[in-house]
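Results of the structural survey
As a plain string of letters, each chain reads:
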Amino acid sequence: MTTAAVPTLVGTMGVDGLDTLVGVLAGDGWEVLGPRVRDGVITWGALRSAGDLPVGVADDQAPGTYRLRDRGDRARFGWAVGPSSPKRELFPPRVPWWEARLEGDGLQITPATPPRRRVALLGARPCELAAIAVQDRVLLGGPCPDPDYAARRRDLLVVAVHCTEPAPTCFCTSMGTGPAADGGYDLALTELLHGPGHAEPVYLVRVGTDRGVQLARRLELRATTDAELEAEQAALDAARRRMVRHLRTEGIVELLATTLEHPRWDDVAARCLACTNCTLVCPTCFCAAVEEVTDLDGGIRRERRWDSCFTLGHSEVHGTAVRASVRSRYRQWLTHKLGTWWEQFGTSGCVGCGRCITWCPVGIDLTEEVAALAETPAETPAATAAAVGAPGGRSGDR
Amino acid sequence: MIRTVRDLLEDHRFFRGLDGERLDLLAGCGRLEVFRPQARLLREGQPADRFFLVRSGRVLVEIDLGPRGVVPVETVGAGDVLGWSWIVPPYRYRFDAVATALTRTITMDGACLRDKCEQDPALGYDLLRRFAGVLAHRLAATRMQLCDVYGYPLAGAPGTGP
Amino acid sequence: MGSEPATGHEPAPATGVGPGGGDGVGLTVPARYRVADARRETADVVTLRIEPDGEPVAPGTPGRFHMLWAPGVGEVPISLSDGPAPDGTQWHTIRAVGAVTRALCALGPGAPLGVRGPFGRGWDLDAVGGRDVVVVAGGIGLVPLRPAIRALARREGPGRVALLVGARSPDDLCFADDLEAWAGGGRCEVAVTVDRAPRGWTGDVGFVSNLIDRLPWVGEGTAALCCGPEPMMKVCARMLTDRGVPATAVQVSLERNMACGLAHCGRCQLGGRLLCRDGPVVTYAAVRADLEVPQR
């Protein structure tokens, strides 16, 4: 396990440095994953060389909208985030849990061993690093660490890329997760463009772990100029200022606990399709289902797969869903992600990546929903009663 | 030490908080009774001239459904009150009630009490309030009984599939 | 064959999930057990006595649960009904309400099954101490309470124990032997009521909350344990607190969908709690507000 170091700037490299980096990682036996354009989106895929990176591609994101666009320059990271996140590698959609076989009259039970992959992520956004930290708390921080996640997490190398092109759907500044990361990576790059459109960018390189230090030594770095440092600062400040959406996090736990009967929930329930897109793209959503798969030859496999709190089955007890209405399920998702996650795990569940806003087919924006709740909080007596734990709550005389 | 009707009335949950003067008044309308198992306390349709403060034992409230037989509905026990038809017109019992264990009651003369309530509306209001409480409580419990909360499956509940 | 009490065995204190075996056996992967015998309690309830086929799981305590695995069908959270005995035998009383529970209830002697656990927080009998305690059990809710009632009935000191049992009908009552034994033992007052009674039933009829009314001593210094269908627990908890019992002294056992038992799958959330980790036993004070939120 690599040890953390104080993040330190170690130099600047050109575009060919990216190639070198990919080569070094691949040569060391890492499976290098990075952003690729596929099916009209930027998604995590195998990087054979830096040539696989998206060149001059931007992502135009808005509620319910995602389009790629030609930037007309040579930026490799001139976009925000795609629909998929490192969650797909660390917490895959379907993993085996254990296998069993009935032998004679006894059971042979074998825990599944996670594949021995050494994954290097090249191009992880600060919000994605924050999301990994959130999932670490959920899956490793409890009474019993998840063995599959722990194994995949152990052999993970992270090359982060700070964000200079936030999307209008991003709100990482509200969540304190970006646009730059201050840790959680082996290496971090900031892409700087100067000069005409056809000029190649340069990359400021920082190290965050001993392993990162070793890697950096094998890259051709030159000293970073003051101008470059200023340009980096300016780019990050500009990114912060460009953040269009904001989520007021102060007092949010209490706000969500006292507005459970707010009429806004009816409003959003009329729009929400319970399609589960938001939970699919969210980098911290971890809800899972467990399935029993049997073979004709007597083999039994138990698998964990992604699930969503938007499904009826998620809250089913004795054949009935506890949360039968879309309204109660949307409310569960939002109040959990932004509110009760704190009590359960000690952090927020949201990292401000904005994916749920972009990928919602009807464009529901949780920052807007929270703002609406905050506008007229504790509107109903029931909400107040629930908040102060008064006996009887909503039940009154009927 | 012999305990009087007044002492026992004061102890009973139903009259908790009632002032001494009123207790004296009510004691005059009450007497102690003992019912053996199978003894009938109320019969449906009869004039409702009594109500019972149960001190111990068990009384079963039942409904005679004719061909379907007599159906047990609810039991009352120590601390409960049985019979409220005396205070609402037409002053006729709506159910049958039979003791299923040795039961001791303070039996109150409903007709006598009705007169006293006409003369003393404040007393009347107090008694009505207490009975309203009992009825509300019973109604809530009866509704829970109707809901069959222990039953499975919960047919027709939202979220249940085909 | 009567339900055999695990005499001579003191339950281990709840210390978290438990160490489990090597490689997570009994925790993240099932430990192998076999059915020693199956006893039918009612038309849809069976008690399985199971024995370890290898290393037993860590000892459970009253109110905690295990994930029982019916191979080829699935897993469900089931409370400990009794045990474990020193040899690792434990008892689970299961109501057949779905595919997995039906499969478990159909297992015969010798059948293999898997066990993971114990999980969660059980009844906090230390918090009850020597106080008067009301135990309200509705339907299958009597099962997780059973080991706790045994412990309470063994208490020294003057603290009263009143067990109030509600069931749908006389046919749905479990553990009649235990109820008799507890009533007869002199340490415990037992009252049973049914929602529906056949002609000739001489016991109580009516919702179980009616029985709370008949206990004159319930108040500020009383503790309560309550388990049964959620609407029943809500009504009873409210009644108890209306009578002056502090909400922090009322313990309830809540049930939600559970797939993992390890606080990883997110299904068993109730507000800020994951019930497989922070429950299923919680104080009414802690969950009152969450329980009152209509899920419509």
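Up top is the structure these notes are about.
Only a predicted model underlies this, so the values are computations on that prediction, with no experimental measurement involved. (Residues numbered from 1 in each chain as written. Chains lettered and ligands numbered in written order. Predicted model: local features only at pLDDT ≥ 70, side-chain atom pairs only at ≥ 80, totals over all residues. Heavy atoms only, no water.)

1. Quick look at the overall build of chain C
Inclusion rule: Only DSSP runs of H or I with at least four residues qualify as helices, and only runs of E with at least two residues qualify as strands; both kinds are numbered from the N terminus onward. C-alpha atoms define the radius of gyration in this analysis, and the globule rule sets the expected value at 2.2 Å times the number of residues to the power 0.38. Exposed residues in this analysis have more than 50% of their type's maximum accessible area, buried residues have under 20%, and partly exposed residues fall in between, with area computed by a 1.4 Å probe over protein chains only. Residues are treated as being in contact if the distance between any of their heavy atoms lies within 4.5 Å. Using a 1.4 Å probe, accessible areas were evaluated by the Shrake-Rupley method; residue-level cover was limited to the displayed protein chains. In this tally, Asp and Glu contribute negative charge and Lys and Arg positive charge; neither His nor the terminal groups of the chain are included. Charge positions are represented by NZ for Lys, CZ for Arg, CG for Asp and CD for Glu.
Broken down by element type, chain C carries eight helices and 15 strands. What you see for chain C is a C-alpha radius of gyration of 18 Å, in line with the 19 Å of a compact globule of 296 residues. Oriented by its inertia axes, the alpha-carbon framework of chain C measures out at about 50 × 45 × 45 Å. Relative to its full complement of 296 residues, chain C shows a buried share of 64%. Look at the contacts in chain C between residues 6 or more apart in sequence, and 71% of them connect residues 24 or more apart. Summing over all exposed atoms, chain C offers an accessible surface of approximately 10000 Å²; the carbon and sulfur share of this is 51%. In chain C, 30 positive and 32 negative side-chain charges are present, and the distance between their average locations comes to 5 Å.

2. A word on the sheet that holds strand β2 (residues 40–42) of chain B
Residues and elements named next belong to chain B. Defined as follows: A pair of strands is considered paired only if DSSP assigns at least 2 bridges between the two. Helix axes use the C-alpha atoms of the stretch in contact, all axes being lines fitted to C-alpha atoms, and the angles between their N-to-C directions lie in the range 0 to 180 degrees.
Within the open sheet, the four strands sit side by side as β2-β7-β4-β5. Their pairing is antiparallel. In this open sheet, the two edge strands, each paired with only one partner strand, are β2 and β5 (70–77). Between one strand and the next, the sheet's axes are offset by a mean angle of 30 degrees, whatever the strand orientation.

3. Comments concerning the interface of chain C and chain A
Where we set the bar: Here the buried area means the combined drop in accessible surface, using a 1.4 Å probe, for two parts upon being joined, counting both sides. Take a side-chain nitrogen of Lys or Arg and a carboxyl oxygen of Asp or Glu: if they are within 4 Å of each other, that pair is a salt bridge. As used in this structure description, the phrase polar contact means that two N or O atoms lie within 3.5 Å; if the pair is within protein, one of them must be able to donate a hydrogen and the other to accept it, and residues adjacent in sequence are counted only when both atoms belong to side chains.
The interface of chain C with chain A comprises 43 residues on the first partner and 56 residues on the second. Note on chain C versus chain A: buried area summed over both sides is about 4200 Å², and carbon and sulfur give 57% of it. Here Asp307 of chain A ties to Arg267 of chain C by a salt bridge, and the two come within 2.6 Å at their closest N and O atoms. Where chain C packs against chain A, one counts 22 residue pairs in polar contact (both at pLDDT 80 or more). Contributing elements (two or more residues each) for the side of chain C that touches chain A: β1 (31–42), β3 (65–70), β4 (74–79), β6 (112–119), β14 (273–274) and α8 (284–292) of chain C.

4. With respect to the packing of aromatic side chains
Stated formally: Stacked, tilted and edge-to-face are the three classes assigned to paired rings of Phe, Tyr and Trp, where Trp is represented by its six-membered ring and a pair needs centres within 6.5 Å; plane angles under 30 degrees give stacked, over 60 edge-to-face, the rest tilted.
Counted by the stated rule, this structure contains 19 aromatic pairs over all chains. Their ring planes at 40 degrees and their centres at 6.2 Å tell us that Phe77 of chain A and Trp79 of chain A sit as a pair that is tilted. Like Phe77 of chain A, the residue Trp79 of chain A is buried in the burial classification. Their ring planes at 15 degrees and their centres at 4.7 Å tell us that Phe51 of chain B and Trp86 of chain B sit as a pair that is stacked.

Function-wise, these values are silent; they only describe arrangement.
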